[in-house]
Amino acid sequence: MSSSAGLGQFLWHELLTPDPGAGATFYSKAFGWNAQPWEGDANYTMLSHATGPVGGARVVGKDPLADKAGPNWLTYVGVADLAAAISTAESKGGRVIHPVTGVAADGGRYAVITDPQGAAIGLYEAGAGMTDANAAQMAGPAAWHELTAEDPVAALQFYKALFGWEVLNTHPMGGEVGDYLVFGTGSTQLGGAFKRSRDHSGRPRWLVYIHVPSVTAGVASVLAAGGKVLNGPHQVPGGDWIAQVADAQGVQLAIHGPKDAAAAAPKARAKPKAKAAAKPKAKTKTKAKKKAAKKAKSKTQAKRKAAPKRKVARAKVKTRGKVKTKAKAKAKAKGKGKAKTKGRKAARRGK
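Procedures and definitions
Numbering of residues starts from 1 in each chain and follows the order in which that chain's sequence is written. Reporting in this predicted model follows two pLDDT cut-offs: at least 70 for local features of residues, and 80 or more for side-chain atom pairs to be given and counted; totals over whole chains, interfaces and linings ignore these cut-offs and use all residues. Only hydrogens and water are set aside when side-chain values are computed; all heavy atoms of the structure are taken into account. For the purposes of this entry, the term helix denotes a DSSP run of H or I that reaches at least four residues, the term strand denotes a run of E that reaches at least two, and both are numbered from the N terminus. Only protein chains enter the accessibility calculation, which uses a 1.4 Å probe; a residue is then buried when its area is under 20% of its type maximum, exposed when over 50%, and partly exposed in between. Contacts are assigned to residue pairs with any non-hydrogen atoms lying within 4.5 Å of each other. Pairing between two strands requires that DSSP report at least two bridges joining them. Angles run from 0 to 180 degrees between N-to-C directions of axes, and those axes are lines fitted to C-alpha atoms, restricted for helices to the stretch in contact. Throughout this description, the term salt bridge denotes a Lys or Arg side-chain nitrogen within 4 Å of a carboxyl oxygen of Asp or Glu. Stacked, edge-to-face and tilted are the three classes for Phe, Tyr and Trp ring pairs, Trp counted by its six-membered ring, which pair at centre distances within 6.5 Å; planes under 30 degrees apart are stacked, over 60 edge-to-face, the rest tilted. Arc definition: directions from the helix axis to the C-beta atoms. Any pair of nitrogen or oxygen atoms within 3.5 Å is treated as a polar contact; in protein, a donor-acceptor pairing is required on top of that, and neighbouring residues in sequence qualify only through side-chain atoms on both sides.

**A few points about the overall build of the chain**
Each helix and strand counted, the chain has 7 helices and 16 strands in total. Split into buried and exposed, the 351 residues of the chain put 37% on the buried side. Pairs at least 24 apart in sequence give 58% of the contacts found in the chain among residues at least 6 apart.

**Comments concerning the pairing of strand E8 (residues 120–125)**
Every other side chain in a regular strand lies on the same face of the sheet, so the side chains alternate between the two faces. With 6 of its 6 residues buried, E8 lies for the most part within the structure. What you see with E8 is no split at all: Ala120, Gly122 and Tyr124 on one side and Ile121, Leu123 and Glu125 on the other are buried throughout. As judged from the 6 bridges shared by strand E7 (residues 109–114) and E8, these two strands associate in the antiparallel manner. For arginine 109, the partnering residue across the bridge sits in E8 and is glutamate 125. The antiparallel pairing of E7 with E8 creates a hairpin that spans 5 residues between the two strands, and glycine 118 there sits at a positive phi of about 105°.

**Quick word on the sheet that holds strand E12 (residues 188–195)**
Overall, mixed pairing links the 8 strands, which are arranged E10-E11-E12-E9-E13-E16-E15-E14 in an open sheet. Either end of the sheet is taken by a strand with one partner, and the two such strands are strand E10 (166–174) and strand E14 (228–235). For this sheet, the mean angle separating the axes of adjacent strands, direction not counted, is 25°. Note: strand E13 (residues 205–211) against strand E16 (residues 252–257), 3 bridges, orientation parallel. Residue pairing in the sheet places histidine 211 in a bridge with histidine 256 of E16.

**Here we look at the pattern of salt bridges**
By the definition in use, this model includes 5 salt bridges. Between glutamate 166 and lysine 160 there is a salt bridge whose closest N-O contact spans 3.5 Å. Of the residues examined, glutamate 166 reaches a relative accessible area of 37% and is grouped as partly exposed. Linked through salt bridges whose partners overlap, the residues forming this network are Glu14, Arg58 and Asp63.

**Quick look at the side chain of histidine 49**
Structurally, the position occupied by histidine 49 is in strand E3 (residues 41–49). Residues in contact with histidine 49, not counting those within four places in the same chain, are Trp33, Val54 and Pro141.

**Observations regarding the packing of aromatic side chains**
Enumeration according to the criterion identifies 20 aromatic pairs in this entry. When the ring of tyrosine 27 is compared with that of tryptophan 33, the centres are 5.3 Å apart and the planes differ by 10°; the resulting orientation is stacked. Judged by its relative accessible area of 1%, tyrosine 27 falls in the buried class. Their ring planes at 10° and their centres at 6.0 Å tell us that tyrosine 159 and phenylalanine 163 sit as a pair that is stacked. On the criterion of helical spacing, the pair formed by tyrosine 159 and phenylalanine 163 is a turn pair, its members being 4 residues apart in helix H5 (residues 152–163).

**Looking at the side chain of threonine 114**
Positionally, threonine 114 belongs in strand E7. With a relative accessible area of 5%, threonine 114 lands in the buried category.

**So, helix H3 (residues 82–91)**
Listing the buried residues of H3 in full gives Leu82, Ala85, Ile86 and Ala89. Taken end-on, H3 shows its buried residues confined to a sector of 100°, consistent with a single buried face. For H3, the elements touching its buried residues are strand E6 (95–102), E7, E8 and H5. The backbone nitrogen of alanine 83 has a side-chain oxygen 3.1 Å away, supplied by the residue at the start of H3, namely aspartate 81.

Laid out in structure tokens, this is it:
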């Protein structure tokens, strides 16, 4: 592997199933995946969804690896040197069940082992073209990986030697299960491990969690496609929900995501935008109201201004009337005065 991209990361997933048309039947109905033959090998089916690849599918009874590992979701982890990783695995009690195999077009090479407790896992040494972006795309919609083991502490010590994984934190689950061990690299959580209870059938295994937009809708789709719900749905730390299910052929997997799609859909915020768009209309109405109020105010002010003028005019009329009355009274008094004066003169003459 020429770069450190994908080291210790879950890079690829394969459905090992007895159903030759698995991708076009259950998984198409339940998750909307597509299936088509791989151009590098017509016997290998590629599974994909709208945003890219999901993984591959091998048919039990027609594929040697599928026959050895049995019906399961098999996952592959990136290693720097495949030969060195196999040597480390064998020295720690692991066993190779599928030998080193090259991938066409310099796609790297892989092998499959079982850990000391019997869980199957793939080792993948990427080709020269591997980048961090490629590694993220190869991982597909897988959101979490979970190991059930007879002794999870010992199992994670094996994987630490192989991939460098560390136990990052623990969550008490109680009963015979004990602690849930969260593992990863650095501060990045990759999955969990716990002790398998007595009611777990079969050997220790890895369980792949597929991200879905809504766990509620995902469960309904699984049931409608002929699958079964084995556990859940229930909420997990962090707020998301999970449900462990089995496909129509009995292969186990889990779904992970928000309980309902609305909780994960930012598009639901479109309503406030509609309200925001309506605001200019409200402003227009407000302006019209203000304008009408202003006009009414102007008219009122005009009336108030006109009222004093009328009063002044009336006052002038009253004043004029008073002036005339006074003038008449004055003239009358003057006339009376003259008459009295004439009468007095006439009386003096008569004497």
